[in-house]
Amino acid sequence: MTGMRLPFALSFALRDLRGGLRGFWLLLLCLALGVAAIGAVGLLSSAVDQAVERDARSLLGGDLVAEASGSEIALAEIGDALPPGSVTRSSVRMSGLVTSDVPGASGAPRSLAISLKGVEQPWPLVGEVVLDPPIPVEEALADNGAVVERTLLPRLGVEVGDQLNLGEGQVTIRAVLVSEPERVQGIYGLGPRVVASIDTIEAAGILLPGAVTTWSRAIALPPGTDAAAVQAAVRNDNPGARYRLQGIEEIQPQVARFTDRLASYLTIAALAALLTGGIGIGLAVQGWLVQRRAGIATLKALGATPGQVLLVYGLQVALVATVAALLGMIGAYALASLARLLPSELIPFALGDVFQPWPLLRAALLGIATALLFAALPLLDARDLPVAALLRPAAAEHRHGDWKLRAAVIAGGVVLVGGLAALTTPRPEIGASFALAAMVAALLLTLLGKAVLALVALVAKNGPLVLRLSLARLNRPGSTALPVVVATGTALSVLATVLFVQQSLDSELQSALPERAPSVVFIDIQPDQVAAFDQVLAGFPEASLDQRAPVLRARVSGIKGVPVEEAAIGENVRWTVRRDRGLSWTDQKPDNAPLVAGSWWEPGYDGPPLVSVEDDVAEGYGVGVGDTLSFNVMGRTVEATIANLREEIDWSRARIDFVFLFSPGVIDKAPHTLISTVRVPPDREPALLDAMAQALPNVTPISISEVSRQIGEVLGKIGFAVQAVASVTLGAGLLVLLGALAASRRQRLHQAALMKVLGATRADLLRHFLIEHAATGLLSALVGLLVGGIAAFVLVGPFMNLVFTPDPGSASLLALGAVVVTGLVGAVSTWRLLARPVAPVLRSS
């Protein structure tokens, strides 16, 4: 057999598998589960990318969109660069307040903050609006009509056909807004969406000077026009334009940034499931090779070399892994297809056929590589053991061979799996970080597992007899307790991490934030309305003014004299230049704003514009004290010298803060509004909002509790997706537990027979095995909760800058569940073994 080649080895491997895959059921399930989860996430991510690419014009609202704050963008501002036949439409977005005739908590009409959009008819320029009932958009918006998101109706107690008060006018609800184009513009807003015509909003008297508005002009170019060339021409003709001109090429990355991150985190959770199942794969291969001892011994006796043995049985593992990967690919496509049925609130894109070969192939290759990695040690054991050892029952418990070869094989497998994991993740840097973290976590879990098992061994020596007999088996040679603790601990650590992070966020939103934050933020207060605002507030003695500041919208247009489009800007602060930002000005240095460089301007300063910049943003811009920043303020360029740098803003304080703070004297002459924060007891907040709505209908209140609720809803949707994938990891851990029980079946039979000879009853045996498995579950829970707690602490603290507030009750339930499930599964699997006669078992041992 010294000349065995690949075709013969493959033929031999296939003949040996003709008896069925019964011994490989664990490998099949673990691998198929992981590949299905990874493949499904990859398919959905690819489908979303395709949907965005397909519907890019509709999502943007045109081929190009100009966007600015403060006032409408006139067609003349764009210039003559648009080719003949181009069509444009204006729209405006702002926060607003509507009231209904349905009484609120105070008896006054019920009010609600909304995301308001005004459109120029005919609308939309590109794409299609879906309404319920399905009436033409022109009809719905005619004669002060409006369309609203469905969530508005129950919150105001109104129905289609009812009227709402908007500013100084009224609008009639004509239909429910099911879907619309232009969702990339203003996709995030406070409150339900309401769409009306620009004329209706102007008639309501809320488009006042300085109001926080975002105006857009969508542009549809003639077919065949090069949109990028037109965009460049418009920019060249209008270098100091107050608007920002965007094209499809810029919209796709904006959407991709979010979807790629979410898909990356979901892929990581699925990778955790695959790696957890990898432990089960190793156990399955080990058990399979134990069953094939006679065949391996026969091959070696006939002259097969160790390498040929490795080739034959390595091919078997690869073949079974390929079958499992194919099953996982089918499962991935089925899962991704089912995701198309989810409501639009969860997936706001119309997904087409989700089938894509490359995401499935990547998942399959990663699954096969993982199977070979975890099967490497059992295969090398079979390769290195002599014939005599293979014919002994305890052969699988010994380790022989060249440790350098084993280390090289494992290192190569880790590099291969890590590289494939990075390529499988939509953001490879996140995948690479996970691969590194997974190695560290695996080492940590293994060390923790060994430590707790050693501690159990010490406890067992000094404990009651029943504990000594039950717990001592956890450290016996060939015990599967360590892989079960590591695998189940990994699954629990993933779930614990997700759970603890969510609990910390919930605590921040429901407890910590409301305690620190004001109750209500009022925006769009006109300077001449301050007295009226204070008069309404005076009618509520239990309410107090917390902060007040002037604000206007402007765009960063230059950094040290370089146009912002050409400047080198750190990715972490690029958000500051993507759209207009709120600016403010003050004479006095704000409280709790330590300076890290420079000094504050003198009170009464009336010289050239100075600006105070947050230190983190300045670092991302590559600027310091003495450098200049340019701002486009309503079409006028204002260049300001950096006077000082402030410490990074702690947004968790929930105070009015601005990245850019100006000295008075220049931008304060532009039309602006004021923003005020008010603290009021929760039971009096509805009455205050109702009174303010009656007195100042153009002023928009933003309830912090409402903001917290909306953020909680978004996080809940993301958390649901992550938990769903993380639960796959738990399933993989359960499969590993079942596989470990199957692998240790011979040992448990032998031990049960010996204990029966010594007088143990079936109840005694059941109790001993139940304690053993429950202890394994408890140790798994301790390891998993510890690792999950550390991971969540790092995520919540340094990364999110929040307080780590896990719920001990939830952690206890996780631990109890692990103990109960492990104990019951172990007891059920052991019960059938207890009826076996003693003599045949001892003779076969």
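Quick note: structure is the one above.
Residues numbered from 1 in each chain as written. Predicted model: local features only at pLDDT ≥ 70, side-chain atom pairs only at ≥ 80, totals over all residues. Heavy atoms only, no water.

(A) Inspection of the pairing of strand β12 (residues 544–559) at higher detail. Judged from the seven bridges that link them, β12 and strand β20 (residues 673–679) form a sheet pairing that is antiparallel. Looking across to β20, one finds that alanine 549 is bridged to isoleucine 675. Note: β12 against strand β14 (residues 581–585), three bridges, orientation antiparallel. Following the sheet pairing, arginine 553 is matched in β14 by glycine 582. Across two bridges, β12 lies against strand β13 (residues 562–563) in antiparallel orientation. By the bridge assignment for β13, isoleucine 559 is matched with valine 562. The loop that links β12 with its antiparallel partner β13 comprises two residues; one of these, lysine 560, has a positive phi angle of about 55 degrees. (Pairing = 2+ DSSP bridges. Helix = DSSP H or I, 4+ residues; strand = E, 2+ residues; numbered from the N terminus.)

(B) Quick look at the pairing of β14. Counted residue by residue, β14 has five buried out of five residues, so it is predominantly covered. Side-chain alternation along β14 places Arg581, Leu583 and Trp585 on one buried face and Gly582 and Ser584 on a second face that is also buried. Where β14 meets strand β19 (residues 660–662), two bridges bridge the pair, whose relative direction is parallel. Each residue of the ladder has a partner; that of tryptophan 585, found in β19, is phenylalanine 662. (Buried < 20%, exposed > 50% of the residue type's maximum accessible area, 1.4 Å probe, protein only.)

(C) Region of the structure containing the nonpolar core. Within the largest apolar cluster, 45 residues are counted, with the highest numbers of intra-cluster contacts made by Leu27, Leu31, Val285, Leu289 and Tyr313. Mapped onto this core, the elements with two or more residues apiece are α2 (25–54), α9 (248–291), α10 (293–301), α11 (306–339), α12 (357–384), α14 (403–424) and α15 (428–462). Ignoring sequence-local partners within four residues, the contact set of valine 285 consists of Phe24, Leu27, Val317, Ala375, Pro378 and Leu379. With 29 residues, the next largest nonpolar core counts Val564, Trp585, Val633 and Ala640 among its residues. (Core = buried A, V, L, I, M, F, W, Y, C linked by side-chain atoms within 4.5 Å. Contact = heavy atoms within 4.5 Å.)

(D) Quick look at unusual backbone geometry. In this model, tryptophan 123 is joined to proline 124 through a cis peptide bond whose omega is 5 degrees. For proline 124, the position within the fold is in the loop between β3 (109–119) and β4 (130–132). The amide bond that connects aspartate 132 to the next residue, proline 133, takes the cis arrangement and shows omega of 5 degrees. Considering the arrangement of structural elements, one finds proline 133 in the loop between β4 and α5 (137–141). Of note in the backbone geometry, asparagine 144 takes a positive phi value of approximately 60 degrees without being a glycine. Along the chain, the position of asparagine 144 falls in the loop between α5 and β5 (145–148). Look at asparagine 144 and you get partly exposed, because its relative accessible area is 37%. Residues other than glycine seldom take positive phi values, yet aspartate 524 does so here, at roughly 65 degrees.

(E) Local environment of a nonpolar patch on the surface. A surface patch of nonpolar side chains, amounting to about 420 Å² of accessible area, comprises Leu444, Leu786, Ile790, Phe793 and Val794. Take the nonpolar patch: its biggest share by element is four residues, from helix α23 (residues 762–799). Its location among the elements puts leucine 444 in helix α15. A relative accessible area of 33% places leucine 444 in the partly exposed class. (Patch = residues over 30% accessible without salt bridge, like charges linked within 9 Å, V, L, I, M, F, W, Y side chains within 5 Å. Areas by Shrake-Rupley, 256 points an atom, 1.4 Å probe, with all protein chains shown as cover. Salt bridge = Lys/Arg side-chain N within 4 Å of Asp/Glu carboxyl O.)

(F) Spotlight on helix α8 (residues 227–237). Among the residues of α8, those classed as buried are Ala227, Val230, Gln231 and Val234. One side of α8 holds all its buried residues, which, seen down the axis, span an arc of 100 degrees. (Arc of directions from axis to C-beta.)

(G) Fine view of the pattern of salt bridges. Per the counting criterion, the structure on display carries ten salt bridges. The shortest N-O distance in the salt bridge between arginine 548 and aspartate 534 comes to 2.6 Å. Of this pair, arginine 548 sits in strand β12 while aspartate 534 sits in helix α18 (residues 530–538), and the two are 14 residues apart along the sequence. As a salt-bridge pair, arginine 574 and glutamate 571 come within 3.7 Å of each other at their nearest N and O atoms. Using a relative accessible area of 27% as the deciding quantity, one classes arginine 574 as partly exposed.

Just geometry here; none of it tells us what the structure is for.
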